[in-house]
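Here is how the chains run, residue by residue.
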Amino acid sequence: MNRIEQVREVVDSILGDIINEEERRYAYIHLYGVAQAAALIAKKRNENLELSIIAAMLHDIYSYKNMDAANHAHKGAVIAKEILTELKIFSGEEIALIYSAIYNHSDKDMIGETFDEILKDADVMQHVFYNPLFEIKAHELGRFHNLKNEFGII
Ligand SMILES: [Fe+2]
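Right, let's walk through the structure included here. Given the structure is predicted, the values throughout are model-derived calculations rather than measurements. (Residues numbered from 1 in each chain as written. Predicted model: local features only at pLDDT ≥ 70, side-chain atom pairs only at ≥ 80, totals over all residues. Heavy atoms only, no water.)

Considering the environment of Ala55
Move 1: Inspection of the secondary structure puts Ala55 in helix H3 (residues 49-58).
Move 2: Ala55 sits 34 residues away from Glu21 along the chain, and the two C-alpha atoms are 24 Å apart.
Move 3: Other than its neighbours up to four places away in sequence, Ala55 contacts Ile98, Ala101, Ile102, Phe115 and Leu119. (Helix = DSSP H or I, 4+ residues; strand = E, 2+ residues; numbered from the N terminus. Contact = heavy atoms within 4.5 Å.)

Written as structure tokens, this is what we have:
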């Protein structure tokens, strides 16, 4: 099993514990959707595909583990680090990259490190394309505008 699938096994077992069926369904859709968007964005930017997908799979892990979104980016980065360390298949440098992306992913109004930006943009892309007929949230409009430019889909 490759590393993406190993992380998914851990994430799936956490999501499987969500009691409410609708919340559990959206948790899977969101994390796998953000992972696919992250793959697309990382490929386009020539960045690390595997680590981008793994950061995406873990990025909201605190929210789904605790059903509480307050400060979930910072708290989730700590949980992600624990999960990745326990798996013993990632270097300290790789874990630090993923930790940083998850820690900063709620700061959508700020431009951060190249790797961090993939996760922020992937989060926005999943939100928008989950149902393009829904109104785009105000705080995601700027990033989505830039993504459309980047992908030439204006
Ligand atoms: Fe998210």
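Moving on, there is more to tell.
What to know about the layout of surface pockets
Move 1: Taken as a whole, the largest pocket spans an internal volume of roughly 200 Å³.
Move 2: Lining of the largest pocket is provided by 13 residues; of these, His30, Asp60, His72, Asp123 and His127 occupy positions nearest its centre.
Move 3: Along the lines of polarity and charge, the residues of the lining of the largest pocket split into two nonpolar, six polar and five charged.
Move 4: Estimates place the volume of the second largest pocket at around 150 Å³.
Move 5: Along the walls of the second largest pocket sit Tyr26, His127, Val128, Tyr130, Asn131, Phe134, Glu135, Ile136, Lys137 and Glu140, which together make up its complete lining.
Move 6: Looking at which element gives the most residues to the lining of the second largest pocket, the answer is helix H7 (residues 114-130), with three residues.
Move 7: Its residues assigned to classes, the lining of the second largest pocket shows five nonpolar, two polar and three charged. (1 Å grid on protein atoms, 1.4 Å probe; cavity = no way out; pocket = protein on both sides within 12 Å on 5 of 7 lines; lining within 4 Å. Points joined across faces, edges and corners; volume = space filled by probe spheres on them. Nonpolar A, V, L, I, M, F, W, Y, C, P; charged D, E, K, R; others polar.)

Some words on the packing of helix H6 (residues 92-104) against H7
Move 1: Orientation of H6 relative to H7, taken along the N-to-C sense of each, is 50 degrees, at an axis distance of 8 Å. In terms of axis orientation, H6 runs oblique to H7. Seen from above, H6 lies across H7 with right-handed handedness. Counted together, Leu97, Ile98, Ser100, Ala101, Ile102 and Asn104 of H6 and Phe115, Asp116, Leu119 and Lys120 of H7 form the full contact between these two elements. (Axes fitted to C-alpha atoms, helices over the stretch in contact; angles between N-to-C directions. Parallel < 35°, antiparallel > 145°, perpendicular 65-115°, else oblique. Left-handed = near helix turned anticlockwise from the far one by under 90°.)

Overview of the nonpolar core
Move 1: Within the largest apolar cluster, 45 residues are counted, with the highest numbers of intra-cluster contacts made by Val7, Val11, Ile54, Leu58, Leu84 and Ile98.
Move 2: In terms of residues, this core owes the most to one element, helix H2 (residues 21-44), which gives nine residues.
Move 3: When neighbours within four sequence positions are excluded, Val7 is seen to be in contact with Ile54, Met57, Leu58, Leu84, Leu87 and Phe90. (Core = buried A, V, L, I, M, F, W, Y, C linked by side-chain atoms within 4.5 Å. Buried < 20%, exposed > 50% of the residue type's maximum accessible area, 1.4 Å probe, protein only.)

Some thoughts on the coordination of the iron ion
Move 1: Bound to the iron ion are the protein donor atoms His30 (NE2), His59 (NE2), Asp60 (OD) and Asp123 (OD), situated 2.1 to 2.3 Å from the metal.
Move 2: In terms of primary sequence, the donors binding the iron ion are separated according to H-x28-H-D-x62-D. On the criterion of sequence distance, the pair formed by His30 in helix H2 and His59 in the loop between H3 and helix H4 (61-66) is long-range, its members being 29 residues apart. Of the two residues, His30 and His59, both sit in the buried class. (Donors = N, O, S within 2.8 Å, 3.2 Å for Na, K, Ca; no water.)

Limitation: the analysis is restricted to geometry and does not speak to function.
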